[in-house]
Amino acid sequence: MTSRSFCAVIQELNSEIRKPVILFYLILRGLDTIEDDMTIPIEKKVPLLVNFHQTIFEKGWKFLESGPEEKDAPLLRQFDIIIDEFLSLDRKFQEHIATTTKEMGSGMAMHAKAAAENGFTIETKAEYNRYCYYVAGLVGIGLSLLFSESHLEDHIVSKSRNLSLNMGLMLQKTNIIRDLAEDLTENRIFWPKEIWSKYCKDIHELQLPEKREDALNCISEMVADALEHAKGSLAYLSLLRTQSVFNFCAIPQVMALKTLALIYRNPNMITKNVKIRRGQSARVCSRL
Ligand code: D61
Ligand code: MG
């Protein structure tokens, strides 16, 4: 979903949870900006990722060495402000955020190392699930810890790790499928080879006009795989009791389902990025 509609739903959250969620987001966005930055040498990137959960406790820390392409470089350049706000949170919230940051940072470091050694590839569906778990599944698990900690939601929510992680996997996989065309031009392939190799020898072939049918079948399989997480996501949503928390969680899921419907067997998405229009996403939000 666009960052604009995302900001709107965050603002609606009950006050006791709004600031922890915003800081959770900004901290993980900072971590992701380091992960995505291909100008940082691997020997430097790995410790930055692995130690980020400690860095967020260091008053005054900021990072000025982002590549010129990084759109969120300003966030890292003024990260001292984020840290001050983080340190003003209740201890329990700080701990949940740090725990999630630690696991995500080590998962990202693992993938970054593998990519530096063998080139960036995701071979199996298991690897694809593992990568999505680290970068997005963990966000759902961490959010659940914050929701239960605030008593806006029952402890059942944070104990349901297995349901929580479906939320992020559904969102991340939807983005990965939708962004194929863009990622192919940058030669960053997130689609698992175990799936695309049934349809072509080199994933770039999917963009050839004569490969259209194979490409559509491959998209079908990718969408079916993402939809595996829909049931778990709905079960998770059914546990939520606070309206603002429900909206915050349900809106991205509805957008993801809408995006999957739009790209399913859609030949346009093979060569260009297809996105749901702003007006359509506004309609989703206004119904809740
Ligand atoms: C309920 C509500 C929102 C949820 C949720 C449950 C469960 C999971 C998520 C949001 C996370 C969904 C991530 C999907 C979008 N993917 C990315 O942004 C990729 O980066 C992943 C690592 C950073 C995650 C940061 C994040 C995102 C949303 C949050 C959050 C933290 C904290 C609280 C609430 C929502 C993607 O980034 C693309 C980019 O750089 O623009 C990438 O690098 O793959
Ligand atoms: Mg990333």
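Everything numeric here is computed off the predicted structure, so don't read it as measured data.

Peer 1: Would you mind going over the nonpolar core with me for this structure?
Peer 2: Counting 89 residues, the largest nonpolar core has Val21, Phe79, Phe147, Trp191, Phe248 and Cys249 as its most contacted members. Ranked by residue count, the leading element in this core is helix 8 (residues 125–149), at twelve residues. Dropping the residues within four chain positions of it, valine 21 is found in contact with Ile10, Leu13, Leu143, Leu146, Phe147 and Phe248.

Peer 1: It is not clear to me how the packing of aromatic side chains should be interpreted in this structure. Could you clarify?
Peer 2: All chains considered together, the criterion is met by eight aromatic pairs. With 5.5 Å between their ring centres and 55° between their planes, phenylalanine 52 and phenylalanine 79 make a pair best called tilted. Within this pair, whereas phenylalanine 52 is found in helix 4 (residues 52–55), its partner phenylalanine 79 is found in helix 6 (residues 79–87), the two being separated by 27 residues in sequence. Each member of the pair, phenylalanine 52 as well as phenylalanine 79, carries the same accessibility label: buried. Between phenylalanine 147 and phenylalanine 248, the ring centres sit 6.4 Å apart and the planes meet at 90°, which makes this aromatic pair edge-to-face. Taken together, the residues phenylalanine 147 in helix 8 and phenylalanine 248 in helix 15 (residues 243–263) connect sequence positions 101 residues apart. Looking at phenylalanine 147, the relative accessible area reads 1%, which means it is buried. One aromatic cluster is present, formed by Phe52, Trp61, Phe63 and Phe79 through successive ring pairs.

Peer 1: Explanation requested: the environment of histidine 155 in the structure shown.
Peer 2: Examined against the element boundaries, histidine 155 turns out to sit in helix 9 (residues 155–159). Sequence spacing of histidine 155 and serine 144 is eleven residues, and the spatial spacing of their C-alpha atoms is 8.8 Å.

Peer 1: Would you mind showing me how to read the site of ligand 1 here?
Peer 2: Lining the immediate environment of ligand 1, one finds 21 residues, of which Arg29, Asp32, Asp36, Lys71 and Gln172 sit closest. Residue aspartate 36 places a side-chain N or O atom 3.2 Å away from an oxygen atom belonging to ligand 1. Within the side chain of lysine 71, an N or O atom sits 3.0 Å from an oxygen atom of ligand 1. Look at ligand 1: alone it shows 820 Å² of surface, and the protein chains cover 85% of it.

Peer 1: For this particular structure, what's the right way to read the side chain of asparagine 166?
Peer 2: Residue placement: asparagine 166 occurs in helix 10 (residues 161–178). Classification of asparagine 166 as buried rests on a relative accessible area of 11%. With sequence-adjacent residues up to four places away left out, asparagine 166 is seen in contact with His229, Gly232 and Ser233.

Parameters at a glance
- Residues numbered from 1 in each chain as written.
- Chains lettered and ligands numbered in written order.
- Predicted model: local features only at pLDDT ≥ 70, side-chain atom pairs only at ≥ 80, totals over all residues.
- Heavy atoms only, no water.
- Core = buried A, V, L, I, M, F, W, Y, C linked by side-chain atoms within 4.5 Å.
- Buried < 20%, exposed > 50% of the residue type's maximum accessible area, 1.4 Å probe, protein only.
- Helix = DSSP H or I, 4+ residues; strand = E, 2+ residues; numbered from the N terminus.
- Contact = heavy atoms within 4.5 Å.
- Phe/Tyr/Trp six-rings, centres within 6.5 Å; stacked < 30°, edge-to-face > 60°.
- Near = heavy atom within 4 Å.
- Polar contact = N/O pair within 3.5 Å; in protein donor to acceptor, adjacent residues only side chain to side chain.
- Areas by Shrake-Rupley, 256 points an atom, 1.4 Å probe, with all protein chains shown as cover.

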